[in-house]
There are 4 protein chains.
Amino acid sequence: MKLKFGMVGGGNGAFIGNVHRRGATEDNLARLAAGCFTRNMEKNLQTAEDWDVEDTSRVYSNFREMAEKESQREDCIDFVTIVTPTDTHYEIAKCFLEHGINVVCDKPICVTLEEGEELKQIAKEKDLEFGVTYTYASYAAVQQARAMIDNGEIGEIINIIAEYPQDWVIVSTVAESSDQTPWRLDPKRAGGTACCSDIGTHLEALIARMTGLKLESVLARFVHYQGSPMDHDIQVLLNYEGGVPGMMWASQLATGSDCGVRIRVYGTKGSLEWSHLHPMELTYAPLNRPVRVITANREYNAPQCLELCRLPAGHPEGFYEAFGNIYKSYCTHLLAKRDGRPCNMLRHPTIEDGLHGLRFVRACVKSDEQGGIWVNL
Amino acid sequence: MKLKFGMVGGGNGAFIGNVHRRGATEDNLARLAAGCFTRNMEKNLQTAEDWDVEDTSRVYSNFREMAEKESQREDCIDFVTIVTPTDTHYEIAKCFLEHGINVVCDKPICVTLEEGEELKQIAKEKDLEFGVTYTYASYAAVQQARAMIDNGEIGEIINIIAEYPQDWVIVSTVAESSDQTPWRLDPKRAGGTACCSDIGTHLEALIARMTGLKLESVLARFVHYQGSPMDHDIQVLLNYEGGVPGMMWASQLATGSDCGVRIRVYGTKGSLEWSHLHPMELTYAPLNRPVRVITANREYNAPQCLELCRLPAGHPEGFYEAFGNIYKSYCTHLLAKRDGRPCNMLRHPTIEDGLHGLRFVRACVKSDEQGGIWVNL
Amino acid sequence: MKLKFGMVGGGNGAFIGNVHRRGATEDNLARLAAGCFTRNMEKNLQTAEDWDVEDTSRVYSNFREMAEKESQREDCIDFVTIVTPTDTHYEIAKCFLEHGINVVCDKPICVTLEEGEELKQIAKEKDLEFGVTYTYASYAAVQQARAMIDNGEIGEIINIIAEYPQDWVIVSTVAESSDQTPWRLDPKRAGGTACCSDIGTHLEALIARMTGLKLESVLARFVHYQGSPMDHDIQVLLNYEGGVPGMMWASQLATGSDCGVRIRVYGTKGSLEWSHLHPMELTYAPLNRPVRVITANREYNAPQCLELCRLPAGHPEGFYEAFGNIYKSYCTHLLAKRDGRPCNMLRHPTIEDGLHGLRFVRACVKSDEQGGIWVNL
Amino acid sequence: MKLKFGMVGGGNGAFIGNVHRRGATEDNLARLAAGCFTRNMEKNLQTAEDWDVEDTSRVYSNFREMAEKESQREDCIDFVTIVTPTDTHYEIAKCFLEHGINVVCDKPICVTLEEGEELKQIAKEKDLEFGVTYTYASYAAVQQARAMIDNGEIGEIINIIAEYPQDWVIVSTVAESSDQTPWRLDPKRAGGTACCSDIGTHLEALIARMTGLKLESVLARFVHYQGSPMDHDIQVLLNYEGGVPGMMWASQLATGSDCGVRIRVYGTKGSLEWSHLHPMELTYAPLNRPVRVITANREYNAPQCLELCRLPAGHPEGFYEAFGNIYKSYCTHLLAKRDGRPCNMLRHPTIEDGLHGLRFVRACVKSDEQGGIWVNL
């Protein structure tokens, strides 16, 4: 039987709520059964109708009521998805965990590391699953890359180059027209930093997922555009376990870049490259041999990749399906736990990854504040 | 209030059924309320559960029963989606039309032109909407191209080059492992031809949608791989109204091509190019000026394109969303008709386009059989 | 000791003269020793000085005098390069051959097939080498492709798709500013057709070089832009030996295309693609395996390719070096003949290839004139 | 009348000697008249013959003799080109300058900054021109970019991202087969560092040429592969005048990268990107407008770009022509000086640029040695 889930946030026409809903229902493993989509009750109910929440008594006017009432039902939701601004994640997640409900939370999971550690502790005590939606780390081709790295196809990793240029801040600054501006550009609500928390953490999680390596220290520079209090461009030197170096650039000022996440991992026997611009492709360069373009849903794919391919080769899957991949794994784990079965090969980002992102941000902030010194995580 | 729809076919794990379901529900305009997904009742019910059909009494063991019973309900489905093999489209579509139910049908809409004309006639008499799912013609970037052509941005059209290379037939012939083989490679079930009916018609519809021009005559060559009775590669010279020439190549033997639909339209003042490999991009070359890459969901897009963009610039939408575009337009028209409102700017392929595809196939077959002569449509 | 060569034409600032000169001297196998670069004696001498012709007595005011006087010298030029308009090739080539001087001639080698056959006959009688400068067929990556085809890496060839879009005619028609217009757009001087003779023959030669297959028949359509007497766009169905089909499109009206020669060869075991836009790359798609990008001057290249790589991997060679490749082979053959050594692995286009180009044009013209029928070469 | 030049080095089959020779003679502004190509006199004379040095008495067995004897001739060479290992540049350049002969020197111009300052001083005193061959900075498309930046087309520069991945060190380390290994991997001969001196300086010069901005400070990390004493990968944070940040990555361990120089310059009104993989293209992204691909030798190019285009649009020029661009400018300046004419719009790298490269290396070394601190140039 399918899982049931609820959602907090997502109801004011923000695209991300719908992305979560579609991701969670993508593979028919879960059904949206409850929600507190927005404080405006009219919009709240409209969202529920749009998204086929059958029972309107499960549309709540605040998240505390939702946690409480749901936890008292026989058919309580199996998990809640939190898609509100960053500074509210902590209290919402804590509330649901304390009511015994599993959580999927948008990243960054909260503002401070202390809050995150507390959430982890509660989840552990209650034996609950806490998933985090690092999208880019969840594309099928990234799992293909990880499988190849685990199989030794690029040898030992010797260098990692990652970037995420986008241009919405400079476009919206000039155009003064973006609806996204408010909370993401408010230091308090966004979690203290702008670019670093928002897209820097995506890169950190992508590197971790693709390579399996642990970040040990950073040296960061934050660029403040035209005196903005927020960082809109970050340039970071990275140091991974075993002395593996890396470099990261994330920017919200890179005119002409839509959402150009790109990662290159170099090893002693070859390299791998993945770019979000063409997310179904993975480029593999074996040492001194022709470069190969690995595409999705081909027989030769690794099982971890094939498991996430829904369409025949050449039929583009995209951003919605990347969310679907996270939820497919999360739900599969919940179902396996419910049924006492072992988990399958799928992996999704957990609170541990979310905490790592917070540590990364904290170290970057400290490094930047001190003029660019190496800071351990 | 949302529309309700039913589905015939799609229930044996074929990916295309799920594509239709997701497309139809993408924009919260319709809800799956009934179905006859497969003849195996167990699988039929399982599919209904997977896809959240609430009322299992609306899961039918055959399409005639479904048409009859649904048509007698107060809350009858507003339309039915037909995703069965080509040779069954005619009788299924006819049955639902005769019971007063609107139809969306996979392409090609049927095997013979006579059947198609009859369906059109019935739909007209009953004042029903008959939509056809030409996917590639329905990407947002293609609507952007059409808007630019209508605005005169490439001047008068002077040439059209279109291609659709894929490789599944040669891969499956060698590998003998494709599940898709059976009906698509059976001349009778596939509608008489293989490559021409299946992907040639996609190109014909894409050209028509993008340019607005009407195809007048063709000169075709069919290639039969290793003595196959079916055409697996077609090469066609085209003649459009006003003497505009064109060229088409479609192949199922093009090793290394996933799903490489590509169209280039040349005019007196510029050219436009769209490729399915990167479906969010449209390339525009004004005469003697730098080539421009137009991406989706940017402020400068035409309204017809923006209307179909769901995610911020740079977040890839794909094949599912192309189906969503068809259903968004189809449902919007149905809703407008229901409410007596005028229709909006959205357009979807109709039975007229489906009939044109059949005429195209018939002319190509005749041309090829006679050794490559010009045949009027 | 180096070879000595002369040049007829090339002296009026046309870029192609300098391309030939650089090509012929690229690998230090030949030195420019004589010339009749233009009828204007002042410009003639200036060209000689620019191009380091040491002995000004070998700068001639007409080609007949040049052929006669050179043939009487002990240190006569070893070959002459002809870079004049097409309609003059025949008499110039004939004159030098009759004086016992080897010839390299720009393509098309002359206007009529009869002229070409006569030139071939004279060259044969006099035991002279007649080279033809089909540029695109001479890139290093094309030799790599041929070596792979000969090695069976794509199995048996089953389809060939070739195209050459450029836009100078439509640009110059609109801009009325191109210096190239005069003779290339004059039917008589250009050899009867425009697009077919000029760039169609390049495609025909490229296919022949890359595949080794012989063209047997064609079905052609010529497009006449705005009533031009010349063809500026040709669309041709091809039939190669063994029943291998192919398709060709060449256009001078393709706005936004610089010089987009592209060829795709499909076989039973894989495919190969080469594009002039990135001429150092060859794309190889083995059946159901990742696509591979083969780049130049890598250890794994075939010897026939490596022999033509002058710079380390990644340092772009271009159009000049493609000419260099032709002359490297031509001169190597002349030197081997002079010294009584066997020839090496290099191949360049000969008069046989030039004649095949004329047969191709003749067949296309006939096919087009008769409304698109199959014509044997 | 053409200039005459000599060459020191280049005669042992190293590709770079021929690249200089072809570059210097590319536009018929200079002729090779003398040389000391190698210490082996037989090879020395063979090189002279290959390269058409007419007078073998001007083939010298050592560079001091060459400088002395040439300086005493009426027809003394106008300049000498130095293409020997880095550690010999200083004494050779000094010798020719002291004999009153202009110099073109490969980069880096010498090992220490003090040596470089001395060379600059001598050149200044003697009123001689000292050119430096920074190749990538000299492509036509880079001049197009600079012209656009000077015209304000991207507004004020706010960020610079540059990279140069190549893989020859890791390939040769594994394969132990590269002929280039010896001196470039010997710290003393290569100028103290490997990657930083060799390709890092190329990036520094490219940024300077494209943006016109002056580098003020760096924070560098050098990566030593498997304990090599040499740096084979450098990661550098940059600080340009006016507080403009930048980032640089150069690597000789980047498997699969041929010669992937790439620069992106972001401004308040747009961005520009150039990649050596497709050196004829420049990508221009105006804020919130479609990205444009500017190609070479199109009417709309800036004069500074057009001046360096030799072939019609779409005919690829490459690495040889980039060298040709340097020499075209250098020779044009010499000729203008000789004739007392003003110089034209062309610019080439001078000793000032060479010195800046040395300052860059020195600062990077110091920064790396101290664990990654900011160091002023």
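The rules behind these values
- Residues numbered from 1 in each chain as written.
- Chains lettered and ligands numbered in written order.
- Predicted model: local features only at pLDDT ≥ 70, side-chain atom pairs only at ≥ 80, totals over all residues.
- Heavy atoms only, no water.
- pLDDT = per-residue confidence, 0-100.
- Contact = heavy atoms within 4.5 Å.
- Phe/Tyr/Trp six-rings, centres within 6.5 Å; stacked < 30°, edge-to-face > 60°.
- Helix = DSSP H or I, 4+ residues; strand = E, 2+ residues; numbered from the N terminus.
- Buried < 20%, exposed > 50% of the residue type's maximum accessible area, 1.4 Å probe, protein only.
- Least-squares fit on C-alpha atoms with pLDDT ≥ 70 in both.
- Buried area = accessible area lost by both parts, 1.4 Å probe.
- Salt bridge = Lys/Arg side-chain N within 4 Å of Asp/Glu carboxyl O.
- Nonpolar A, V, L, I, M, F, W, Y, C, P; charged D, E, K, R; others polar.
- Disulfide = S-S within 2.5 Å.
- Pairing = 2+ DSSP bridges.
- Axes fitted to C-alpha atoms, helices over the stretch in contact; angles between N-to-C directions.
- Parallel < 35°, antiparallel > 145°, perpendicular 65-115°, else oblique.
- Left-handed = near helix turned anticlockwise from the far one by under 90°.
- Arc of directions from axis to C-beta.
- Polar contact = N/O pair within 3.5 Å; in protein donor to acceptor, adjacent residues only side chain to side chain.

### Quick notes on the confidence of the model for chain A
Residue and element names in this part refer to chain A.
Consideration 1: On average, residues of chain A score 93 in pLDDT, and 95% of them reach the 70 mark or higher.
Consideration 2: Across residues 177–182 the pLDDT falls below 50, and counting only partners more than four positions away or on other chains, this stretch makes 9 contacts in the model.
Consideration 3: Across the predicted assembly, pTM comes out at 0.95 and ipTM at 0.94.

### Comments concerning the packing of aromatic side chains
Residue and element names in this part refer to chain C.
Consideration 1: For the structure shown, the criterion picks out 36 aromatic pairs over all chains.
Consideration 2: For the pair Phe 319 and Phe 323, a centre-to-centre distance of 5.5 Å together with 55° between the ring planes defines the contact as tilted. One end of the pair, Phe 319, and the other, Phe 323, are both in helix H12 (residues 319–339), 4 residues apart, so they sit about a helical turn from each other.
Consideration 3: Here Phe 323 falls in the buried class, since its relative accessible area comes to 1%.

### Regarding the relation of the copies chain B and chain A
Consideration 1: Turning chain B through 180° and shifting it by 0.0 Å along the axis lays it on chain A, with an RMSD of 0.0 Å. Here the copies are linked by what is in effect a two-fold axis. Distance from the rotation axis, computed per C-alpha, reaches its smallest value in chain B at B:Gly318: 2.8 Å.
Consideration 2: Of the residues that chain B buries at the interface, 100% are likewise interface residues in chain A, meaning the two copies contact each other through the same surface.

### Comments concerning the interface of chain B and chain A
Consideration 1: Taken residue by residue, the interface counts 43 residues in chain B and 43 residues in chain A.
Consideration 2: Regarding the contact of chain B and chain A, the summed buried area is about 3,200 Å², with carbon and sulfur atoms giving 47% of it.
Consideration 3: Sorting the residues of chain B by area buried against chain A places B:Asp258, B:Arg298 and B:Pro316 first, and these three jointly supply 17% of that buried surface.
Consideration 4: Applying the counting rule to chain B against chain A returns 10 salt bridges.
Consideration 5: As a salt-bridge pair, A:Asp52 and B:Lys2 come within 2.8 Å of each other at their nearest N and O atoms.
Consideration 6: Mapped onto the side of chain B that touches chain A, the elements with two or more residues apiece are helix H1 (15–25), helix H2 (41–50), helix H7 (168–175) and helix H12 (319–339) of chain B.
Consideration 7: Along the lines of polarity and charge, the residues of the side of chain B that touches chain A split into 16 nonpolar, 11 polar and 16 charged.

### Description of the state of the cysteines
Each disulfide consists of one covalent bond between the sulfur atoms belonging to two cysteines.
Residues and elements named next belong to chain B.
Consideration 1: Per the stated rule, a full pass over the model turns up 0 disulfides over all chains.
Consideration 2: In this structure Cys 36 is a free cysteine whose sulfur lies 10 Å from that of Cys 95, the closest cysteine sulfur available.
Consideration 3: A relative accessible area of 8% means that Cys 36 is categorised as buried.
Consideration 4: Looking at the unpaired Cys 309, the closest cysteine sulfur is the one in Cys 305, lying at 4.2 Å.
Consideration 5: Residue class for Cys 309 comes out buried when judged on its relative accessible area of 13%.

### With respect to the sheet that holds strand S5 (residues 130–132) of chain B
Residue and element names in this part refer to chain B.
Consideration 1: Reading across the sheet, the 5 strands line up as S2-S1-S3-S4-S5 and stay open at both edges, with parallel pairing between neighbours. Edge positions in the sheet fall to strand S2 (30–36) and S5, since each has one partner strand and no second. Pairwise comparison of adjacent strand axes, ignoring direction, gives a mean angle of 25° for this sheet.
Consideration 2: In the sheet, strand S1 (residues 3–8) pairs with strand S3 (residues 79–82) via 4 bridges, with the strands oriented parallel. What sits directly across from Gly 6, in S3, is Val 80.

### So, the pairing of strand S9 (residues 244–251) of chain A
One face of the sheet, then the other: side chains in a regular strand alternate in exactly this way.
Residue and element names in this part refer to chain A.
Consideration 1: Within S9, 8 of the 8 residues are buried, which leaves the element mostly enclosed by the surrounding structure.
Consideration 2: With burial as the criterion, each face of S9 is covered, one bearing Val 244, Gly 246, Met 248 and Ala 250 and the other bearing Pro 245, Met 247, Trp 249 and Ser 251.
Consideration 3: Looking at chain direction, strand S6 (residues 157–165) and S9 are connected through 6 bridges and run parallel. Paired with Glu 163 across the strands is Trp 249, a residue of S9.
Consideration 4: Relative to S9, strand S8 (residues 233–240) runs antiparallel, the two being bridged by 8 bridges. Its bridge partner lying in S9, Tyr 240 is registered against Val 244.
Consideration 5: Connecting S8 to the antiparallel partner S9 that follows it, the hairpin turn spans 3 residues, and Gly 242 within it adopts a positive phi of roughly 80°.

### Digging into the packing of helix H1 (residues 15–25) of chain D against helix H12 (residues 319–339) of chain D
Residue and element names in this part refer to chain D.
Consideration 1: It is at 7 Å that the axes of H1 and H12 come closest, and there the two elements cross at 55°. Viewed along their axes, H1 and H12 adopt a mutual orientation that is oblique. In the crossing of H1 with H12, the sense of the turn from one axis to the other is right-handed. Taking contact as the criterion, the partners of Phe 15, Ile 16, Asn 18, Val 19, His 20, Arg 22, Gly 23 and Ala 24 in H1 are, on H12, Phe 319, Tyr 320, Glu 321, Phe 323, Gly 324 and Tyr 327.
Consideration 2: In terms of residue class, the contact of H1 with H12 is built from 8 nonpolar, 4 polar and 2 charged.

### Things to note about the interface of chain D and chain A
Consideration 1: Every contact between the two is made by 44 residues of chain D and, on the other side, 44 residues of chain A.
Consideration 2: Its salt-bridge partner being D:Glu163, residue A:Arg264 comes within 2.7 Å of it at the nearest N-O pair.
Consideration 3: Elements with a contribution of two residues or more to the side of chain D that touches chain A: strand S6 (157–165), helix H7 (168–175), strand S7 (215–223), strand S8 (233–240), strand S9 (244–251), strand S10 (262–267), strand S11 (270–275) and strand S12 (281–286) of chain D.
Consideration 4: Tallying contributions element by element places S8(D) first for the side of chain D that touches chain A, with 6 residues.
Consideration 5: By residue class, the composition of the side of chain D that touches chain A is 24 nonpolar, 15 polar and 5 charged.

### Examining H2(B)
For an α-helix, the turn length of 3.6 residues means that residues three or four places apart are oriented alike.
All names here are of chain B.
Consideration 1: Three or more residues of H2 are buried, namely Asn 44, Thr 47 and Ala 48. The buried side chains of H2 occupy one side of the element, clustering within an arc of 100° when seen end-on.
Consideration 2: Lining the buried residues of H2 we find S2.
Consideration 3: Where H2 starts, the residue carrying a side-chain oxygen 2.9 Å from the main-chain nitrogen of Glu 42 turns out to be Asn 40.

### Some thoughts on the side chain of A:Arg22
Consideration 1: As for its position among the elements, A:Arg22 is in helix H1 (residues 15–25).
Consideration 2: Beyond its immediate chain neighbours, meaning those up to four positions away, A:Arg22 contacts A:Tyr320, A:Glu321, B:Arg22, B:Glu26, B:Tyr320 and B:Glu321.

### Quick word on the sheet that holds strand S2 (residues 30–36) of chain C
All names here are of chain C.
Consideration 1: With parallel pairing, 5 strands are arranged side by side in an open sheet as S2-S1-S3-S4-S5. Two strands in the sheet have a free side with no partner beyond their single neighbour: S2 and strand S5 (130–132). When the angles between neighbouring strand axes are averaged without regard to direction, this sheet yields 25°.
Consideration 2: Pairing of strand S4 (residues 102–105) with S5 involves 3 bridges; the strand directions are parallel. The residue bridging Val 103 from the neighbouring strand is Phe 130, located in S5.

### With respect to the pairing of strand S10 (residues 262–267) of chain B
Residue and element names in this part refer to chain B.
Consideration 1: By the criterion of burial, S10 is predominantly enclosed, with 6 of the 6 residues buried.
Consideration 2: Relative to S10, strand S6 (residues 157–165) runs antiparallel, the two being bridged by 6 bridges. What sits directly across from Ile 157, in S10, is Gly 267.
Consideration 3: Here S10 hands over to strand S11 (residues 270–275) after 2 residues, the two strands then running antiparallel side by side.

### Considerations on the relation of the copies chain D and chain A
A rotation about some axis, followed by a shift along it, carries one copy of the chain onto the other.
Consideration 1: For these two chains of identical sequence, chain D goes onto chain A by a turn of 180° and a shift of 0.0 Å along the axis, with RMSD 0.0 Å.
Consideration 2: In this assembly the copies share their binding face: 100% of the residues contributing to the interface of chain D also contribute to that of chain A.

### Observations concerning the pattern of salt bridges
Consideration 1: The final tally for this structure, using the stated rule, is 112 salt bridges over all chains.
Consideration 2: The residue B:Asp78 makes a salt bridge to B:Lys4 at a minimum N-O spacing of 3.8 Å. Here the residue B:Asp78 occupies a position in the loop between helix H3 (63–72) and S3, and B:Lys4 occupies one in strand S1, the gap between them amounting to 74 residues.
Consideration 3: We classify B:Asp78 as partly exposed; its relative accessible area is 22%.
Consideration 4: Here D:Asp258 and C:Arg298 are joined by a salt bridge, their closest N and O atoms 2.4 Å apart.

### Section: the packing of helix H5 (residues 113–125) of chain C against helix H13 (residues 351–369) of chain C
All names here are of chain C.
Consideration 1: Packing of H5 against H13 brings their axes to within 9 Å, and their N-to-C directions diverge by 165°. As the angle between them shows, H5 and H13 are arranged roughly antiparallel. Along this stretch, H5 crosses H13, giving a crossing that reads as left-handed. Residues Leu 113, Glu 114, Gly 116, Glu 117, Leu 119 and Lys 120 of H5 touch H13, and the partners they reach there are Ile 351, Glu 352, Leu 355, Leu 358, Arg 359 and Arg 362.
Consideration 2: Residue composition of the contact of H5 with H13, by class: 5 nonpolar, 1 polar and 6 charged.

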